[in-house]
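Observations on the model geometry
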Amino acid sequence: MNTRVVDHPLAATLLTTLRDSRTDNAAFRAALRSLTHMLVYEAMRDAPVARFDVETPLTTTDGFALANPPLLVPVLRAGLGMVDTASQLVPQAGVGFVGIARDEETHQPVPYLESLPADLSPTPVYVLDPMLATGGSMLHTIELLVARGAADITAVCVVAAPEGVAALEASGHPVRLVTAAVDAGLDDDAYIVPGLGDAGDRQFGPR
Ligand SMILES: O=P(O)(O)OC[C@H]1O[C@H](OP(=O)(O)OP(=O)(O)O)[C@H](O)[C@@H]1O
Ligand SMILES: O=c1cc[nH]c(=O)[nH]1
Ligand SMILES: [Mg+2]
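The paragraphs below set out a description of the structure included in this document.

Rules of the game
Residues numbered from 1 in each chain as written. Chains lettered and ligands numbered in written order. Predicted model: local features only at pLDDT ≥ 70, side-chain atom pairs only at ≥ 80, totals over all residues. Heavy atoms only, no water. Helix = DSSP H or I, 4+ residues; strand = E, 2+ residues; numbered from the N terminus. Buried < 20%, exposed > 50% of the residue type's maximum accessible area, 1.4 Å probe, protein only. Polar contact = N/O pair within 3.5 Å; in protein donor to acceptor, adjacent residues only side chain to side chain. Contact = heavy atoms within 4.5 Å. Pairing = 2+ DSSP bridges. Near = heavy atom within 4 Å. Areas by Shrake-Rupley, 256 points an atom, 1.4 Å probe, with all protein chains shown as cover. 1 Å grid on protein atoms, 1.4 Å probe; cavity = no way out; pocket = protein on both sides within 12 Å on 5 of 7 lines; lining within 4 Å. Sits in = over half its atoms within 2 Å of the grid points. Points joined across faces, edges and corners; volume = space filled by probe spheres on them. Nonpolar A, V, L, I, M, F, W, Y, C, P; charged D, E, K, R; others polar.

1. Overview of the side chain of His107
- Among the structural elements, His107 can be located in the loop between strand 6 (97-102) and strand 7 (109-115).
- Exposure remark for His107: the relative accessible area of 18% places this residue in the buried category.
- Only 3.5 Å separates the side chain of His107 from the backbone oxygen of Glu104, close enough to count as a polar contact.
- Once residues within four sequence positions are removed from consideration, His107 is found in contact with Arg102, Thr134, Asp188, Asp189 and Ala190.

Next up, the structure:
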């Protein structure tokens, strides 16, 4: 599986704000929006473009548009904090929604919402979720997408655990990963260490 770790001084400073336990909910949401800008920018680096003629006030020159506008899929709740920025960067994109809450005892994903187009065979899909821990929530989302024909899926995360990366790799699904960090591992509660805590709670408060 292709994994791209976005290694940039500005991404590192924003990730530090997210990791810092003193960062309040509003500052966490703001830093997540800014970091999402960088992650999506990198994730779409190789997106194909179509050329067309554009008229400047002076002459005709090359214009470019995305050849195949993607679908953005935030995984609720935590992925909601990434979708506004991603939509601003890619205004042509559609948006689908998946809601999953991890069971705190079993650490298994418990899905509660899916709102996705029926046919995703022609569409690149960018799944937005800041945390890839065991990988269960991302794999459930990817399975929903693959069942609709998706063949070009990118997981856009902030922090990934090696266990989650390995789970995506082992799945054999057509997915690549863009993340700001791959951390050391998971603790006994399946939280990423050092991580940043619960990305949903840190944006919106406890559920
Ligand atoms: O890789 P996994 O082990 O599945 O864990 C990662 C999931 O956990 C978090 O969501 P959570 O279940 O806390 O829901 P929330 O976004 O509503 O807080 C996170 O946003 C991922 O969706
Ligand atoms: O560290 C973790 C693991 C799962 N979900 C989170 O929000 N944080
Ligand atoms: Mg949570």
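2. Some remarks on the sheet that holds strand 9 (residues 131-132)
- With parallel pairing, the 3 strands of this open sheet are ordered in space as 9-11-13. A strand with exactly one partner marks an edge of an open sheet, and here the two such strands are strand 9 and strand 13 (181-182).
- Relative to strand 13, strand 11 (residues 159-160) runs parallel, the two sharing 2 bridges. Note on strand 13: the bridge partner recorded for Ala160 is Val182.

3. What to know about the site of ligand 2
- Taken together, Arg102, Met131, Ala133, Ala190, Tyr191, Ile192, Gly197, Asp198 and Ala199 are the residues near ligand 2.
- Note that an oxygen atom of ligand 2 is positioned 2.8 Å from one of the backbone N or O atoms of Ile192.
- Between ligand 2 and the protein, one listed contact pairs a nitrogen atom with a backbone N or O atom of Gly197 at 2.8 Å.
- Here ligand 2 has 240 Å² of accessible area as a free molecule, and 89% of this is covered by the chains.
- Using a 2 Å cut-off from the grid points, one finds that ligand 2 occupies the largest pocket.

4. What to know about the layout of surface pockets
- Space inside the largest pocket adds up to approximately 530 Å³.
- Elements that contribute at least two residues to the lining of the largest pocket include exactly strand 4 (71-76), strand 6, strand 9, helix 4 (136-147) and helix 6 (199-204).
- Of the residues contributing to the lining of the largest pocket, the split by class is 14 nonpolar, 7 polar and 8 charged.
- The volume enclosed by the second largest pocket comes to roughly 220 Å³.
- Val40, Tyr41, Met44, Arg45, Ala47, Val49, Leu66, Leu89 and Val90 together form the lining of the second largest pocket.
- Residues that form the lining of the second largest pocket fall into these classes: 8 nonpolar, no polar and 1 charged.

5. Side note on the site of ligand 1
- Around ligand 1 sit 17 residues, and of these Arg77, Arg102, Asp129, Thr134 and Ser137 come closest.
- Here an oxygen atom of ligand 1 sits 3.4 Å away from a polar atom, N or O, in the side chain of Asp198.
- Look at ligand 1: alone it shows 500 Å² of surface, and the protein chains cover 97% of it.
- In this structure, ligand 1 is accommodated by the largest pocket.
- Mapped onto the shell around ligand 1, the elements with two or more residues apiece are strand 6, strand 9 and helix 4.
- Counting residues per element, the shell around ligand 1 draws most heavily on strand 6, which supplies 3 residues.
- Each residue belonging to the shell around ligand 1 can be placed in one class, and the counts come to 7 nonpolar, 5 polar and 5 charged.

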